[in-house]
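# Commentary on secondary and tertiary structure
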Amino acid sequence: MTTSATTTDLPADYKPWPALWAMVIGFFMILLDTTIVSVATPAIMEGLDTDVNAVIWVTSAYLLAYAVPLLVTGRLGDRVGPKNIYLVGLAIFTLSSLWCGLTGSIEGLIIARVCQGLGASMMSPQTMAVITRTFPAHSRGQAMALWGATAGVAMLVGPLLGGVLVDSAGWEWIFIINVPVGIVAGILAWRLVPRLVTHNHSFDLPGVALSAVALFCIVFGIQEGEKHDWGRFSEIDAPGWLEPLVSVPGLIGFGVVVFAIFIWWQGHNEREPLVPLSLFRDRNFSLANLGISTVSFAITALTLPFMFYAQGVRGLSPTESALLLIPMAVLSAGLAPVVGRLVDTFPPRWITAFGFGAGTVAVFALGRAMTPDSPTWQLLLALGLLGASNAFLWAPLSATATRNLPMSAAGAGAGVYNTTRQFGAVLGSAGIAALMQSRLAAELPGAGSGASEADVSKLPEAAHEGFAAAMSTSMLLPSAILVVGLVASLFFATPTHARKEG
């Protein structure tokens with residue numbers, strides 16, 4: 001069953017903006033939880049009496065459980081209805097947040113974070129799908145501006161809010177605060193989000209299995225690569241025939257092979273594939289997916305070395321370090337409505353090219369300013385420019401990706417887009433960790449292998465110069481990745497505002 005370009009499945013008096021605001025509350029909450037834990041890590045280690053290797057999984061487990069099911073949950077929204085899937089996901093996420101805050105062991109916290117990630121994976125694609133199906137193409141830019149501003153600001157203010165909550169109330173409250181917010185978001189979504197026409201898709205069970213195995217192996221391998229020095233999983237005993245799979249390269253390679261089989265199956269499935277490959281015939285959809293992966297990679301990658309520098313070299317507390325991000329968050333949110341109107345008027349090529357260009361300059365300048373004695377205004381100026389560049393990227397990329405999607409594939413397209421975004425974040429986290437270790441080993445011989453947030457807070461003054469140089473050089477990676485996005489953006493086609501019918 002399909003719907004037309006004028007979204008005729010909606011009530012005549014339906015107003016899409018209140019529904020979008022209702023869903024944005026939940027979307028902001030789940031993205032906030034991808035970064036809010038970073039500044040709470042030392043407090044969690046102390047409170048639960050655990051070590052760095054275990055506490056890393058508080059973040060990794062969430063990212064893994066969030067990223068792997070996105071292709072499936074996006075398609076479920078097409079079949080069952082985005083409102084239904086969103087509300088179930090919100091309930092799981094909210095209850096898991098309470099579990100996180102009340103748990104008394106690191107094992108319990110990690111399991112609760114897995115459940116949180118599953119809830120988030122159900123919610124995230126539905127927000128984009130509802131925008132695609134309820135806003136006409138010629139005015140969708142402003143709606144995507146709100147979605148993009150929410151995504152951009154949530155990733156930036158997570159460390160700030162986390163620092164305030166940890167310093168004032170304790171680490172448990174970075175999770176417990178989600179409970180009242182989740183209840184309010186659920187009530188608003190129940191009342192304001194419409195029940196859209198569903199599509200009688202057949203469910204591609206082989207595609208589900210192949211995609212889950214492939215994404216798990218690739219994401220898990222990348223997340224664990226640095227911890228195991230990109231070699232064997234030493235704690236795993238396996239029979240000889242499984243030996244190749246108990247190493248990081250073997251697991252990632254196996255995931256790539258399974259993913260290739262998944263792509264082949266999607267092209268040969270004579271019924272209905274989990275991911276219609278026809279989506280990628282739209283040049284703008286393909287390029288927007290590449291673009292958002294570079295943005296997510298860069299934002300995730302730059303946060304860690306900057307926070308290490310702010311706390312280790314400048315001696316700032318977690319909250320004080322996070323306060324440096326305020327110009328970035330304010331400009332990103334403030335410019336989003338302006339950019340949204342531009343997206344509905346001007347071709348995406350020049351809007352995103354400006355965003356990527358400004359972002360490249362901002363990250364490079366931020367890295368150059370990360371010295372022991374640099375004035376604070378240089379950092380704030382670079383971070384402000386980075387916030388402005390974010391406003392010119394999140395909304396235009398998401399609007400461009402979804403503008404030509406057929407209604408019946410809105411959920412599938414949103415699932416692909418959000419999977420790409422999350423995959424970029426995982427790559428950014430793994431890539432910057434490897435580069436930081438390498439640079440620390442070069443700048444501070446003998447100290448590079450043990451860097452952690454707990455160590456950084458006790459960095460001796462004699463090590464400030466070398467540590468700052470290592471963090472500064474690491475910023476070249478996110479800057480270079482944004483250049484890839486810049487090149488991709490130059491090939492965007494000018495949209496016609498016409499949408500294909502499903």
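Above this text sits the structure in question.
Predicted model, so just to flag it, every value in this text is computed and none were measured.

Mapped onto the fold, D204 is located in the loop between α9 (178–192) and α10 (205–225). Look at D204 and you get buried, because its relative accessible area is 4%. Linking D204 and P273, residues 69 residues apart in sequence, is a C-alpha distance of 5.7 Å. A distance of 2.8 Å separates the side chain of D204 from the side chain of W265, its partner in a polar contact.

With that settled, consider the packing of aromatic side chains. The full count for this structure, using the stated rule, is nine aromatic pairs. On the numbers, 5.5 Å between centres and 15° between planes, the contact of F216 with F220 is stacked. Linking F216 with F220, this pair stays in helix α10, spanning four residues, or about one helical turn. By relative accessible area, which is 37% here, F216 ends up partly exposed. Summarising the aromatic geometry, the rings of F306 and Y309 are spaced 6.4 Å apart at their centres and angled 40° between planes, so their arrangement reads as tilted. Placement of both F306 and Y309 in helix α12 (residues 283–312) is noted, with a separation of three residues, approximately one turn of the helix. Across the pair, exposure class does not vary: F306 and Y309 are buried alike. Chaining the aromatic ring pairs together yields one cluster made of W57, F216 and F220. Against the face of W190 rests K83, its NZ or CZ located 5.4 Å from the ring centre. Residue placement shows R349 over the ring face of W350; its charged tip is 5.6 Å from the ring centre.

Tracing the sequence through the fold places S389 in helix α16 (residues 376–391). Using a relative accessible area of 1% as the deciding quantity, one classes S389 as buried.

This brings us to the nonpolar core. Counting residues in hydrophobic clusters, the biggest one holds 115 residues, and the most contacted among them are I30, F306 and M471. In terms of residues, this core owes the most to one element, α12, which gives 15 residues. Aside from chain neighbours lying at most four places away, what touches M471 is P305, F308, Y309, M370, M436 and L440. By size, the runner-up hydrophobic cluster in this structure holds 22 residues, among which are V55, C100, L109 and A112.

On to helix α20 (residues 464–474). Summarising burial for α20: eight of the 11 residues are buried, a large majority. Taken residue by residue, α20 has H464, G466, F467, A468, A470, M471, S472 and S474 as its buried positions.

Here the focus is helix α14 (residues 326–343). The end-to-end C-alpha distance of α14 is 25 Å, a good match for the 26 Å that 18 residues give at a rise of 1.5 Å each. When the local axis directions of α14 are compared, the greatest deviation, roughly 40°, occurs at A336, which is followed within four positions by the proline P337. Within α14, the full set of buried residues consists of M328, A329, S332, A336, V339, G340 and V343.

What follows deals with the pattern of salt bridges. When the charged atoms of two side chains with opposite charge come close together, those side chains can pair. Tallied over the entire structure, the rule returns three salt bridges. A salt bridge links D33 to R113; the nearest nitrogen and oxygen atoms lie 3.5 Å apart. Of this pair, D33 sits in helix α1 (residues 16–35) while R113 sits in helix α6 (residues 106–134), and the two are 80 residues apart along the sequence. Classification of D33 as buried rests on a relative accessible area of 0%. On the accessibility criterion, R113 (0% relative accessible area) is buried. Residue D78 is joined to R75 by a salt bridge in which the shortest nitrogen-to-oxygen separation is 3.4 Å. Of this pair, D78 and R75 both sit in helix α4 (residues 70–80), three residues apart, roughly one helical turn.

Conventions and cut-offs
- Residue numbers here run from 1 along each chain, matching the order of that chain's written sequence.
- Only residues with pLDDT of at least 70 are given local features in this predicted model, and only at 80 or more are side-chain atom pairs given and counted; all residues enter the totals for whole chains, interfaces and linings.
- As a rule here, side-chain values come from all non-hydrogen atoms in the structure, and water together with hydrogens is ignored.
- Numbered from the N terminus, helices here are DSSP runs of H or I no shorter than four residues, and strands are runs of E no shorter than two.
- A 1.4 Å probe rolled over the protein chains alone gives each residue an accessible area, and that area as a share of the maximum for its type sets the label: buried under 20%, exposed over 50%, partly exposed in between.
- Side-chain atoms alone can form a polar contact between residues adjacent in sequence; in general such a contact is a pair of N or O atoms within 3.5 Å, and within protein one must be able to donate a hydrogen while the other accepts it.
- Here is the rule: rings of Phe, Tyr and Trp (six-membered ring for Trp) pair when centre to centre is within 6.5 Å. Planes less than 30 degrees apart are stacked, more than 60 are edge-to-face, and the remainder are tilted.
- Put simply, a charge is over a ring when the Lys NZ or the Arg CZ is close to the ring centre, within 6 Å, and near the line of the ring normal, within 35 degrees.
- Only buried residues count toward a nonpolar core, which is a set of Ala, Val, Leu, Ile, Met, Phe, Trp, Tyr and Cys residues joined through side-chain atoms within 4.5 Å.
- Any two residues having at least one pair of non-hydrogen atoms within 4.5 Å are treated as being in contact.
- For a helix, the expected span equals 1.5 Å multiplied by the residue count minus one.
- Bend at a given residue is defined as the angle between two axes, one fitted to the seven residues that end at that position and one fitted to the seven that begin there.
- The salt bridge criterion pairs a side-chain nitrogen of Lys or Arg with a carboxyl oxygen of Asp or Glu, the two atoms within 4 Å.

By themselves, these observations are geometric and do not establish any function.
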